[in-house]
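Tertiary structure, described
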Amino acid sequence: MEKIIVRGGNRLQGAVQVEGAKNAVLPVIAASLLASEGKSIIRDVPQLSDVFTISEVLRHLNAEVTFLENEITVDASRELSIETPFEYVRKMRASFLVLGPLLARTGKARVALPGGCAIGSRPIDLHLKGFEAMGAKVDVGNGFIEASVSGRLHGAKIYMDFPSVGATQNIMMAASLADGQTVIENCAKEPEIVDLANFLNEMGANVKGAGTGTIKIEGVEKLHAADHTIIPDRIEAGTFMVAAAITKGNVLVKGAVPEHISSLIAKLEEMGVTIIEEENGVRVIGPETLKAVDIKTMPYPGFPTDMQSQMMALLLCAEGTSVITETVFENRFMHVEEFRRMNADLKIEGRSVIVNGPCNLQGAEVAATDLRAAAALIIAGLAAKGITRVTELKHLDRGYLNFHLKLAALGANIERVDDEVEVAPAKQDQLLADANL
Ligand SMILES: CC(=O)N[C@H]1[C@@H](OP(=O)(O)OP(=O)(O)OC[C@H]2O[C@@H](n3ccc(=O)[nH]c3=O)[C@H](O)[C@@H]2O)O[C@H](CO)[C@@H](O)[C@@H]1O
Ligand SMILES: C=C(OP(=O)(O)O)C(=O)O
């Protein structure tokens, strides 16, 4: 079994470069299915397992996808098949994002129903309501969603009960090839929505208002391939910022875009962390003593749920009582039990967790329960006394590239091993060199 082994106590120092955003690249790759001519080139693509999964989905749908390091080329000009089986959707829920493009491009799509996952039940009603409002007939049965339309989808006025990121993206993509105007009200405002809108517009779409609460899309006859560079990953950036703060370190997080992480910056500053905006990123200097703060996750520009578990790790080291309230997903506290194995004093009360800090964190064997929990447990290990072993690394690999190598380059005592066969120092140096760190 693979594990990451962390020996806590080292201060992180130096600079780390963030990758292109996982949550931006997945919808952009799905959107490339809308181009009936040309080859799209997508740049700054992180080589993550989720990216490989969505590429497999596209290949299964008869698109041609080629990788060249951080660049992906997609040719979706051939006739597309319309079915995405469960094996892909089970691996990664974002596979469901092909439904909108397929429906708009071919008039029909059959995509396996995404189930719940470790962070909540995650229904898809808002996606489906949107497609129905645009004239699609949607049937759910035998574990599949089947959507079809005779002729083309038509524009519609769609109000979302909750600003769902995925539903906003799926509807935006479908509406780009619909007849007439679609207006999505109470839509998601995340930077990844803006990145997708930019890509769609580069493909010849007419999308306005992305980043605000109302998006207007004038459907066009057809879309062509485009050349697009993915935005930097704000969650990876935030994860390294928290890692720097917890080790009382001094780290420049290169590629971090301050306006994408303003809620995180505000909370870190409230905790006593020094944040300096530099030309090519954000410098984080951890204080000797961290102050407790309260956090409530919210849709963007609120505090991101994808940073909740990493912040929990940091608050475990803060003086005083903090309250973390999760409003986006109903069950995103699976990591609490794992933190408790590290001597954390945490109490779950409904949708909140009370953190009584500072905890005397101790190394332990812990299992990642989801992608961000994996990073959070490793971060806690950086501050814990003794050795922390983190298993279930398949979660980590969905969203972080070379995570342990990047931390090692900043001075962490960390290695990734298979069944305790520890990587010899010379091999570790070679890995760092290979990863260009
Ligand atoms: C690949 C990707 O970009 N994933 C991100 C995306 O997930 P995802 O797009 O799945 O998240 P959503 O914004 O859709 O979900 C937010 C909330 O809305 C609910 N909901 C959603 C759709 C729906 O039809 N009905 C419904 O009730 C969900 O159950 C959840 O409670 O945004 C989340 C919220 O910022 C992030 O945590 C994920 O990292
Ligand atoms: C929850 C996440 O991703 P997904 O929506 O793909 O599960 C995440 O990136 O933290």
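The rules behind these values
- All residue numbers refer to positions counted from 1 along the written sequence of the respective chain.
- Naming scheme: in the order in which they are written, chains are lettered from A and ligands are numbered from 1.
- The predicted origin of the model limits local features to residues at a pLDDT of at least 70 and limits the giving and counting of side-chain atom pairs to 80 or more, whereas totals for whole chains, interfaces and linings rest on all residues.
- Only heavy atoms go into the side-chain values, all of them from the structure, while hydrogens and water stay out.
- UniProt positions are given in the numbering used here, feature names are shortened, and annotations may be inferred rather than shown by experiment.
- For helices the rule is a DSSP run of H or I covering at least 4 residues; for strands it is a run of E covering at least 2, with both sets numbered from the N terminus onward.
- A radius of gyration in this sense is built from C-alpha atoms; the matching globule rule multiplies 2.2 Å by the number of residues raised to 0.38.
- Categorising residues by exposure relies on relative accessible area from a 1.4 Å probe, with only protein chains included: less than 20% of the type maximum marks a residue as buried, more than 50% marks it as exposed, and the intermediate range marks it as partly exposed.
- Proximity is defined per residue: any heavy atom of the residue falling within 4 Å of a molecule or strand makes that residue near it.
- We call two N or O atoms a polar contact when they sit within 3.5 Å, provided that within protein one can donate a hydrogen and the other can accept it, with sequence-adjacent residues counted only if both atoms are side-chain atoms.
- Methods summary: accessible areas were calculated by the Shrake-Rupley approach with a probe of 1.4 Å, and residue burial reflects only the protein chains presented.
- The contact definition used throughout considers only heavy atoms, calling two residues in contact when any of these lie within 4.5 Å.
- As used here, the term nonpolar core means buried Ala, Val, Leu, Ile, Met, Phe, Trp, Tyr and Cys residues forming a set that is joined through side-chain atoms within 4.5 Å.
- Helix span, as expected, comes to 1.5 Å for every residue beyond the first.
- The pairing criterion is simple: DSSP has to find at least two bridges between the two strands.
- A fitted line through C-alpha atoms represents every axis, and for helices the fit uses only the stretch in contact; the resulting angles, taken between N-to-C directions, go from 0 to 180 degrees.
- Note on aromatic contacts: the rings of Phe and Tyr and the six-membered ring of Trp form a pair at centre separations within 6.5 Å, being stacked when their planes are under 30 degrees apart, edge-to-face when over 60 apart, and tilted otherwise.
- Geometrically, a charge over a ring is one whose NZ (Lys) or CZ (Arg) sits within 6 Å of the ring centre while staying within 35 degrees of the ring normal.
- Confidence per residue, as judged by the predictor, is encoded in pLDDT with a range of 0 to 100.

The name given to the protein chain in an unreviewed UniProt entry is UDP-N-acetylglucosamine 1-carboxyvinyltransferase, with Heyndrickxia coagulans as the source organism. Recorded under Pathway (unreviewed entry), the UniProt text for the protein chain is reproduced unchanged: "Cell wall biogenesis; peptidoglycan biosynthesis." UniProt annotates the protein chain under Catalytic activity (unreviewed entry) with the comment "phosphoenolpyruvate + UDP-N-acetyl-alpha-D-glucosamine = UDP-N-acetyl-3-O-(1-carboxyvinyl)-alpha-D-glucosamine + phosphate".

Now for the overall build of the protein chain. Each helix and strand in the protein chain was counted, giving 15 helices and 27 strands. The C-alpha radius of gyration computed for the protein chain amounts to 22 Å, which stays within 12% of the reference 22 Å derived for 437 residues, consistent with globular compactness. Projecting the C-alpha coordinates of the protein chain onto the three principal axes gives extents of approximately 65 × 45 × 45 Å. Across the 437 residues in the protein chain, those meeting the buried criterion constitute 56%.

On to the site of ligand 2, then. Around ligand 2, the structure places Lys22, Asn23, Ile119, Arg122, Asp306, Arg332, Leu371, Arg372 and Arg398. Here an oxygen atom of ligand 2 sits 2.7 Å away from a polar atom, N or O, in the side chain of Arg372. Here ligand 2, which alone exposes 290 Å², has 87% of that area covered by the protein. Elements that contribute at least two residues to the shell around ligand 2 include exactly helix 1 (22–31) and helix 12 (371–383).

Looking now at the UniProt feature "active site" (unreviewed entry) in the protein chain. According to UniProt, the "active site" (unreviewed entry) feature falls on Cys117. Residue placement: Cys117 occurs in the loop between strand 8 (108–112) and helix 5 (125–133). Those residues in contact with Cys117 that lie beyond four places of it in its chain are Arg93 and Arg122.

Membership of the largest hydrophobic core comes to 80 residues, with the highest contact counts inside it found for Met172 and Leu200. Of all the elements, helix 1 adds the most residues to this core, at 7 residues. Judged by nonpolar contacts, the second largest core, of 72 residues, contains Val6, Val293, Ala313 and Phe403.

Okay, the site of ligand 1 next. Neighbouring ligand 1 are 16 residues; Asp125, Leu126, Ser164, Asp306 and Val328 lie closest to it. Within the side chain of Asn23, one N or O atom sits 3.0 Å away from an oxygen atom of ligand 1. Separating an oxygen atom of ligand 1 from a backbone N or O atom of Leu126 is a distance of 2.7 Å. Protein contacts shield 84% of the accessible area of ligand 1, which totals 740 Å² for the unbound molecule.

Let us now look at helix 6 (residues 165–176). Across its 12 residues, helix 6 extends 17 Å between first and last C-alpha, which sits within 8% of the 16 Å expected from 1.5 Å per residue. Of all 12 residues in helix 6, 11 are buried, a share of seventy percent or more. The backbone nitrogen of Gly166 lies 3.5 Å from a side-chain oxygen of the residue at the head of helix 6, namely Ser164.

Our next topic: the sheet that holds strand 11 (residues 157–159). Backbone-to-backbone hydrogen bonds pair the strands of a sheet. The strands run either parallel or antiparallel. Read from one edge of the open sheet, 4 strands run 11-12-14-13, paired in mixed fashion. This sheet does not close on itself; its edge strands, each paired only once, are strand 11 and strand 13 (206–208). Strand after strand, the sheet turns through a mean of 15 degrees between neighbouring axes, direction not considered. Relative to strand 14 (residues 214–218), strand 13 runs antiparallel, the two being bridged by 3 bridges. Bridging from a neighbouring strand, Lys208 pairs with Lys216 of strand 14.

This next bit is on the packing of aromatic side chains. Aromatic rings considered in pairs are described by the distance between their centres and by the relative angle of their planes. What the rule picks out here adds up to 3 aromatic pairs. Here the aromatic rings of Phe240 and Phe403 are separated by 5.4 Å at their centres, their planes lie at 50 degrees, and the arrangement is tilted. A residue pair is termed long-range when its members are at least 10 positions apart, and Phe240 in helix 8 (residues 234–246) and Phe403 in helix 14 (residues 403–409) qualify at 163 residues. Residue classification places Phe403 among the buried residues on the basis of a relative accessible area of 2%. Each ring, one from Tyr400 and one from Phe403, has its centre 4.8 Å from the other, and the planes form 50 degrees; the classification is tilted. The same class applies to Tyr400 as to Phe403, namely buried. Through a chain of ring-to-ring contacts, three or more aromatic side chains come together here, namely Phe240, Tyr400 and Phe403. The side chain of Arg110 reaches across the aromatic face of Phe144, ending 3.9 Å from its centre.

In this section: the confidence of the model for the protein chain. Predicted confidence across the protein chain gives a mean pLDDT of 95, with 96% of residues reaching 70 or more. Predicted complex, confidence summary: ipTM 0.99, pTM 0.96.

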